[in-house]
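Commentary on secondary and tertiary structure
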Amino acid sequence: MTLLTTTAALIQKLAAGTVAGLLTIATGLPAQPVQDIRAQQWHLDFLNIDQVHQISTGKGVIVGVIDTGVDGGHPDLAGRLLPGLDLSFRGERPDALEDLDGHGTAMAGLIAANGKALGIAPDATILPVRTSTKGGGDVRTDADAIYWAVDNGATVLCLAFGSPERDASMERAIRYAIAYDVVVVAAVGNAPEDQGLYYPAAYPGVVGAAGVDRDGNHAPISVVSRAADLAAPAVQVMAPIPRNVIASGYRSASGTSNATAIIAGVAALIRAKYPELSAEDVINRMIATADDRGAPGRDNEYGHGIINPLAALTADIPPLN
C-alpha cells in the first residue's frame, strides 16, 4: 500500500510489486522554530481542541498506528508509546520505536503528542507496528499488523496507507478488527497520483478519511471518492518528526494521512468518554455530528462532513441498538 505522505518535490510512486504506500505529502519546508509549534498547528483551533480537551483527552484508549514505526525518543511522545512490534524484517530490534522515514511519528504525534506539539487525544496510548521503513510495504505484512494490534489491545486503528487493489488477506484482517469492536480509520488517497477507490478505506465498516484545507474547503490533494466518510484537516498540518529526519523535530505536511490520524484521534476521545459505546456507535456519533459541506448530505468530497469533535462528545446521540 502507499503511505499517504510524501515529499512535495518527490511524491512517492507505488514501486513495482509494492502494494502499500504512505499517504502524506511533506512540504519540504525548512526546520521549524520549536517555540511556536502549537501556533502553527492551525487544525487545533479549527477543531476547537482547547474546549474538546476539557471533556476528553483520550485517556485509557490504545490507538494502533501501523506505519513506519514511531521515534521512541521524541519528547512530545514521552509516556505515550507502547513498545509495539517491528514487522519490517530489519532484524535490528523487536519493537517499533525507530522511524527512519518520519511518517509514523507524525501520525502518532497528530494523535497523542503532548509537548511543543499537541495531539487530538494527548492522553491516548500509541501502539506502533512497523511494517515498512521507507513507505513501500507489503499488503500481507500490513494485514498481519492489524491482527497483532487488535490482539494487543488497540481499539482504534490509524491506517494512513492504501492501494487501488483489493486484497483478500487485508479484507479478512479488516473484518477481524471490526468483529473485535475496533474503530478502523483509513485514508482515501492523494490526488492526482491516486484515483478512484483506495483500500482499505473502501472496505465496508472502515471510516474513509478525506481532507480539507484551512477554510474547510475540499483539499485538492484529497481523492474524490465513494469511500469518503468524514473529512478533516489535511493541508500543511504541523506534526512531530524524528530528528534524524529533520533536525528541529517538526514538519508541516499535506495529505490524507493527516486527516486519518486526526479522525482516529477523535475516535479515541469518544471511546474514552463513552467506554460503553460500540465501535459502530462511535462511528455513528462522528458521522451524525459532522459539519455538512459541499452537496447536501453525503458526497464524495467530504463524505458526511467535516469532523466536529466537540459536537461528537456533547451531542445527544442515541445508541444504534
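Remember, it's a predicted structure, so these values are computed and weren't measured experimentally. (Residues numbered from 1 in each chain as written. Predicted model: local features only at pLDDT ≥ 70, side-chain atom pairs only at ≥ 80, totals over all residues. Heavy atoms only, no water.)

**As for the sheet that holds strand E5 (residues 125-130)**
Taken in spatial order, the seven strands make up an open sheet running E4-E5-E3-E6-E8-E9-E10, and their pairing is parallel. Each having just a single partner strand, strand E4 (85-86) and strand E10 (230-233) make up the two edges of the open sheet. Both strand E6 (residues 156-159) and strand E8 (residues 183-187) contribute to a ladder of four bridges, which runs parallel. By the bridge assignment for E8, Leu157 is matched with Val184. Along the sheet face, helix H5 (residues 139-151) touches strand E3 (62-67), E4, E5 and E6 and points at about 150° away from the line of E5. Those strands touched by helix H8 (residues 279-288) are E8, strand E9 (207-212) and E10, and its axis lies near 50° from that of E8. (Pairing = 2+ DSSP bridges. Helix = DSSP H or I, 4+ residues; strand = E, 2+ residues; numbered from the N terminus. Contact = heavy atoms within 4.5 Å. Axes fitted to C-alpha atoms, helices over the stretch in contact; angles between N-to-C directions.)

**Observations regarding the side chain of Ser225**
Counting through the fold element by element, Ser225 comes out in the loop between E9 and E10. The class of Ser225 is buried, set by a relative accessible area of 2%. Those residues in contact with Ser225 that sit more than four places away from it in its chain are Val188, Gly196, Leu197, Arg298 and Asn300. (Buried < 20%, exposed > 50% of the residue type's maximum accessible area, 1.4 Å probe, protein only.)

**As for the nonpolar core**
With 56 residues, the main nonpolar core has Val63, Met107, Ile111, Val183, Ile263, Ile270 and Met286 as its most contacted residues. Looking at this core element by element, the count peaks at 10 residues for helix H7 (residues 256-273). In terms of nonpolar packing, the next biggest core, distinct from the first, is built from 26 residues, Ile66, Ala173, Ala186 and Tyr203 among them. (Core = buried A, V, L, I, M, F, W, Y, C linked by side-chain atoms within 4.5 Å.)

**Examining the confidence of the model for the protein chain**
The predicted model of the protein chain has a mean per-residue pLDDT of 90, with 88% of residues at 70 or higher. This stretch, residues 5-20, has a pLDDT under 50; its non-local contacts, to residues over four places away or in other chains, come to 53 contacts. (pLDDT = per-residue confidence, 0-100.)

**Some thoughts on the environment of Tyr203**
Within the secondary structure layout, Tyr203 lies in the loop between E8 and E9. Considering only alpha carbons, one finds Tyr203 and Arg166, 37 residues apart in sequence, at a separation of 8.7 Å. When near neighbours in sequence (up to four residues on either side) are disregarded, Tyr203 contacts Arg166, Asp167, Met170, Glu171 and Ile174. Within the local environment of Tyr203, its side chain forms a polar contact with the backbone nitrogen of Asp167, the two atoms lying 2.9 Å apart. (Polar contact = N/O pair within 3.5 Å; in protein donor to acceptor, adjacent residues only side chain to side chain.)

**Here we look at the pattern of salt bridges**
For the structure on display, the rule yields seven salt bridges. Of the charged contacts, one joins Asp95 and Arg93 as a salt bridge, the two residues approaching to 2.7 Å between their closest N and O atoms. For Arg93, a relative accessible area of 32% translates into the label partly exposed. Put simply, Arg166 and Glu171 hold a salt bridge, and the shortest N to O gap is 2.7 Å. The partly exposed category is assigned to Arg166, whose relative accessible area is 49%. Ionic contacts of the salt-bridge type, sharing partners, join the residues Asp86, Glu98 and Arg130 into one network. (Salt bridge = Lys/Arg side-chain N within 4 Å of Asp/Glu carboxyl O.)

**So, unusual backbone geometry**
Cis geometry marks the peptide bond from Ala191 to Pro192, where omega comes out at 0°. If you trace the backbone, Pro192 turns up in the loop between E8 and E9. Look at the link from Tyr199 to Pro200: it is a cis peptide, with omega at 15°. Its location among the elements puts Pro200 in the loop between E8 and E9. At Asn48, a position not held by glycine, the phi torsion is positive, near 55°. Positionally, Asn48 belongs in the loop between helix H2 (42-46) and helix H3 (49-52). Given the relative accessible area of 34%, Asn48 is considered partly exposed. The backbone of Asp181 sits at a positive phi, close to 65°, despite the residue not being glycine. With respect to the secondary-structure elements, Asp181 resides in the loop between helix H6 (168-179) and E8.

**Re the environment of Phe46**
Here Phe46 lies in helix H2. With a relative accessible area of 27%, Phe46 lands in the partly exposed category. Sequence separation between Phe46 and Gly216 is 170 residues, and the spatial gap between their C-alpha atoms is 8.6 Å.

**Considering H8**
Among the residues making up H8, those that are buried are Ala279, Asp281, Val282, Ile283, Arg285 and Met286. Here the buried face of H8 lies against E8, E9, E10, H7 and helix H9 (309-314).

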